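Report on the structure
Spelled out, the chains give:
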Amino acid sequence: MAFVTSEQMMAAADRNGYAIGAFNVENMEMVMAVVRAAEELHAPAILQTTPSTVKYAGLPLYYANVKAAAERAGVPIALHLDHGSSFELAMQALRTGYTSIMIDGSKEQFEDNIAVTKRVADACRPSGIPVEAELGKVGGKEDDLDCNDPGYTDPDDAVRFVAETGITSLAVAIGTAHGIYKGEPKLDMERLSEIRSRVSIPLVLHGASGVPDEAVRECIRRGISKVNFATELRIAYSNGVKEFLQANPSAFDPKKYGAVAMEHVTALVKEKILVCGSDGKADMV
Ligand code: 13P
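Residues numbered from 1 in each chain as written. Predicted model: local features only at pLDDT ≥ 70, side-chain atom pairs only at ≥ 80, totals over all residues. Heavy atoms only, no water.

Quick look at the pairing of strand β8 (residues 169–172)
Residues S169 and A171 of β8 are buried on one face, and the alternating residues L170 and V172, pointing to the opposite face, are buried as well. Across 4 bridges, strand β5 (residues 131–135) lies against β8 in parallel orientation. Residue E132 lies in a different strand from β8, and its bridge partner there is S169. Here β8 pairs with strand β10 (residues 203–205) via 3 bridges, running parallel. Bridge assignment links V172 to a residue of β10, and that residue is L205. (Buried < 20%, exposed > 50% of the residue type's maximum accessible area, 1.4 Å probe, protein only. Helix = DSSP H or I, 4+ residues; strand = E, 2+ residues; numbered from the N terminus. Pairing = 2+ DSSP bridges.)

So, the packing of helix α9 (residues 213–221) against helix α11 (residues 254–276)
For the pair α9 and α11, the least separation of the axes is 9 Å and the interaxial angle reads 40°. Regarding the angle of α9 to α11, the classification is oblique. On the side of α9, the interface is formed by D213, V216, R217 and I220, while α11 contributes K272, V275 and C276. Looking at the contact of α9 with α11, its residues break down into 4 nonpolar, no polar and 3 charged. (Axes fitted to C-alpha atoms, helices over the stretch in contact; angles between N-to-C directions. Parallel < 35°, antiparallel > 145°, perpendicular 65-115°, else oblique. Contact = heavy atoms within 4.5 Å. Nonpolar A, V, L, I, M, F, W, Y, C, P; charged D, E, K, R; others polar.)

Let's talk about the sheet that holds strand β4 (residues 100–103)
Pairing in this closed barrel of 8 strands is parallel, and the strands run β1-β2-β3-β4-β5-β8-β10-β11 around the ring. Strand after strand, the sheet turns through a mean of 25° between neighbouring axes, direction not considered. In the sheet, strand β1 (residues 20–24) pairs with strand β11 (residues 224–229) via 4 bridges, with the strands oriented parallel. When the sheet's bridge partners are listed, A22 is paired in β11 with N228.

A word on helix α8 (residues 189–198)
Among the residues making up α8, those that are buried are M189, L192, I195 and R196. One face of α8 carries all of its buried residues, which in axial projection span an arc of 120°. Among the exposed residues of α8, those pointing more than 90 degrees away from its buried face are E190 and S197. Contacts made by the buried residues of α8 are with α1 (6–16), α7 (155–165), β8, β10, α9 and β11. (Arc of directions from axis to C-beta.)

Written out as structure tokens, the structure reads:
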């Protein structure tokens, strides 16, 4: 089907009470594995790359991989810059052809977060490319962002942030964290409901690896339209490689362990798509 924007997908999800799974990919195999899972479940999907992933191989290589996979897929696919760390990187992703952009100014003071976010939203709007931003601080470590001092999203601030920046979706901090959890995360569901009742644009949940499925479902019922998964995909991919090489220590063909790693990622992504409820929703976009 097509290479689309995340805005189209999330609007349909928001209207119909499910969420789009957004999956961090690091290489061609992960791109293929995620798209395969989306096809098998007839689901729309977002593939996303962080700044350190972009540093590893460059925006054009991920763009080319995802665009080619999207064009031969029977489901809508979007390519998103996750945690865009500067105005310049966001503009590079826009020029490269990414169909969705996040600018993450959450480590800045509130006014500075508004300023950089508005600048990116203003620059992306003429091309119709949606912009996600974060308010509050999701804890844990994602990429070069290491947040030991998480802060929940304040609903009053959220209303002002959305109005002043012109973003199309908002990542909220309600107790999730990037990476592996030490205990079970405690999510502030009431806060999520309050933000949802006061902000009309779609809401995004970061740090979903390790969050129990039922808690993710509850967040979706309370108004989350995009759920980000990264760490669990990296673990699945690496486990596939390790499993194959442990069983076949003399193997040297990357296609052999790549195929097993892809199977692991596809199986995991299918589970997450079912949790998000986006299976069978490809035609709603
Ligand atoms: P996890 O690594 O916890 O799945 O977080 C993913 C994420 O939020 C990417 O932005």
